[in-house]
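# Structure assessment
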Amino acid sequence: MNNVGLLYVGAVLLVNGLMLLGRVPARSAAALNLFVGALQCVTPTVLIIQAHGDSEAILGASGLFLFGFTYLYVGIANLAGLEPEGIGWFSLFVAGAAIVYAGLAFWRQDDPVFGVIWLSWALLWGLFFLVLGLGREELTRFTGWATVLLSQPTCTVPAFLALTGGYRSTAVTASVAAAAAVLLVALAAVLGFRGQPRPRTAAADHPRLGETHATR
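As a packed pair, helix α1 (residues 2-20) and helix α2 (residues 26-51) sit with axes 10 Å apart at the nearest point and diverge in direction by 155 degrees. With respect to α2, the axis of α1 lies roughly antiparallel. You can see that α1 and α2 cross each other, and the crossing is left-handed. Taken together, the residues of α2 that come into contact with α1 (itself represented by N2, G5, L6, Y8, V9, A11, V12, V15, N16 and M19) are A26, A29, L32, N33, V36, L39, Q40, T43 and L47. When grouped by side-chain class, the residues that make up the contact of α1 with α2 number 13 nonpolar, 6 polar and no charged.

Here is the structure:
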């Protein structure tokens with residue numbers, strides 16, 4: 001069930017990346033954030049209930065709330081016109097937690113590919129913190145491109161592979177995933193810092209969030 005949710009996380013990350021790039025209006029992206037956010041809160045709740053106290057199953061489901069809360073926060077904030085700083089600081093918490101989950105994937109769950117994926121998410125949410133929490137306007141386009149480019153290989157692709165029985169997590173596949181992530185981040189940097197005009201973020205002049213670009 002968590003792979004079904006991951007499939008749609010790829011969609012909302014793509015839309016939110018385009019929102020940061022100024023291609024999708026914030027209010028237009030709000031509905032998908034609410035849909036996926038609700039899914040990513042209901043899914044882990046069901047998994048925890050079905051775990052019957054199994055600590056490993058509960059641990060595996062717990063990380064989904066990080067993203068469910070993010071998307072619900074973004075959807076509500078975009079519709080209500082809230083300032084984005086709260087989302088930014090919550091994203092810092094998510095980034096820190098993602099690093100912990102990455103360590104668990106590497107050394108406890110024997111799933112190095114998902115360790116790489118968790119680290120990629122830690123990077124994205126760290127960028128959301130810088131852009132939305134600290135108002136680092138110059139990073140907005142880079143963050144948008146990083147979100148767009150990483151959305152599919154860190155969410156949609158592994159979700160489809162897991163749903164079809166094709167997911168394999170070994171040292172070799174993790175190395176390939178890490179190399180691909182580095183290349184995509186480098187491409188995002190090229191696209192984001194090549195002198196194109198950057199969209200404003202809320203910390204620049206403190207407009208309401210519905211007038212700015214938010215995250216996933």
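Looking now at the packing of α2 against helix α3 (residues 55-62). Between two packed helices, the angle of one axis relative to the other and the distance separating the axes together describe the packing. Interaxial distance between α2 and α3 falls to 9 Å at its minimum, and their mutual angle equals 175 degrees. The orientation of α2 with respect to α3, classified from their angle, is roughly antiparallel. Contacts from P44, L47, I48 and A51 in α2 reach A57, I58 and A61 in α3. A per-class count over the contact of α2 with α3 returns 7 nonpolar, no polar and no charged.

Turning our eyes to something else, we now look at unusual backbone geometry. One non-glycine residue with positive phi stands out, namely H52, at about 50 degrees. Take H52: it is sitting in the loop between α2 and α3. For D110, which is not a glycine, the phi torsion comes out positive at approximately 55 degrees. Mapping D110 onto the fold places it in the loop between α5 (85-107) and α6 (112-133). Exposure remark for D110: the relative accessible area of 63% places this residue in the exposed category.

Before going further, it helps to examine the confidence of the model for the protein chain. Taken over all residues, the pLDDT of the protein chain has a mean of 90, while the share at 70 or more is 89%. A low-confidence stretch, residues 198-216 (pLDDT under 50), is modelled with 75 contacts involving residues beyond four sequence positions or located in other chains.

Looking now at α2. For α2, which comprises 26 residues, the first-to-last C-alpha distance of 37 Å matches the rise-based estimate of 38 Å (1.5 Å per residue) to within 8%. Close packing links the buried residues of α2 with α1, α3 and α4 (64-80). Two residues or fewer after α2 comes H52, characterised by a positive phi angle close to 50 degrees.

In this section: the packing of aromatic side chains. All chains considered together, the criterion is met by 14 aromatic pairs. Residues F67 and W125 carry aromatic rings whose centres are separated by 5.0 Å and whose planes lie at 65 degrees to one another, so their mutual orientation is edge-to-face. Taken together, the residues F67 in helix α4 and W125 in helix α6 connect sequence positions 58 residues apart. Relative accessible area serves as the criterion here: at 2%, F67 is assigned to the buried category. An aromatic cluster is defined as three or more aromatic residues linked by ring pairs; in this entry it consists of F67, Y101, F114, W118, W121, W125, F128 and Y167.

Next up on the list: the layout of surface pockets. Counted as a void, the largest pocket has a volume near 550 Å³. Only α1, α2, α3, α4, α5, α6 and α7 (140-163) provide two or more residues apiece to the lining of the largest pocket. At 5 residues, the largest contribution of residues to the lining of the largest pocket is made by α3. Here the lining of the largest pocket is built from residues that sort into 17 nonpolar, 6 polar and 3 charged.

A contiguous nonpolar surface patch, about 380 Å² in accessible area, is contributed by V4, Y8, F160 and L163. Summarising the element assignment, L163 is placed in helix α7. Accessibility expressed as a relative area gives 44% for L163, which makes it partly exposed.

Our next topic: the pattern of salt bridges. With the rule as written, the count across this model stands at 2 salt bridges. Between E56 and R108 there is a salt bridge, with its nearest N and O atoms 2.3 Å apart. On the criterion of sequence distance, the pair formed by E56 in helix α3 and R108 in the loop between α5 and α6 is long-range, its members being 52 residues apart. The salt bridge involving R136 is made with E138; its shortest N-O contact spans 2.4 Å.

Rules behind the numbers
Residues numbered from 1 in each chain as written. Predicted model: local features only at pLDDT ≥ 70, side-chain atom pairs only at ≥ 80, totals over all residues. Heavy atoms only, no water. Axes fitted to C-alpha atoms, helices over the stretch in contact; angles between N-to-C directions. Helix = DSSP H or I, 4+ residues; strand = E, 2+ residues; numbered from the N terminus. Parallel < 35°, antiparallel > 145°, perpendicular 65-115°, else oblique. Left-handed = near helix turned anticlockwise from the far one by under 90°. Contact = heavy atoms within 4.5 Å. Nonpolar A, V, L, I, M, F, W, Y, C, P; charged D, E, K, R; others polar. Buried < 20%, exposed > 50% of the residue type's maximum accessible area, 1.4 Å probe, protein only. pLDDT = per-residue confidence, 0-100. Expected span 1.5 Å × (residues − 1). Phe/Tyr/Trp six-rings, centres within 6.5 Å; stacked < 30°, edge-to-face > 60°. 1 Å grid on protein atoms, 1.4 Å probe; cavity = no way out; pocket = protein on both sides within 12 Å on 5 of 7 lines; lining within 4 Å. Points joined across faces, edges and corners; volume = space filled by probe spheres on them. Patch = residues over 30% accessible without salt bridge, like charges linked within 9 Å, V, L, I, M, F, W, Y side chains within 5 Å. Areas by Shrake-Rupley, 256 points an atom, 1.4 Å probe, with all protein chains shown as cover. Salt bridge = Lys/Arg side-chain N within 4 Å of Asp/Glu carboxyl O.

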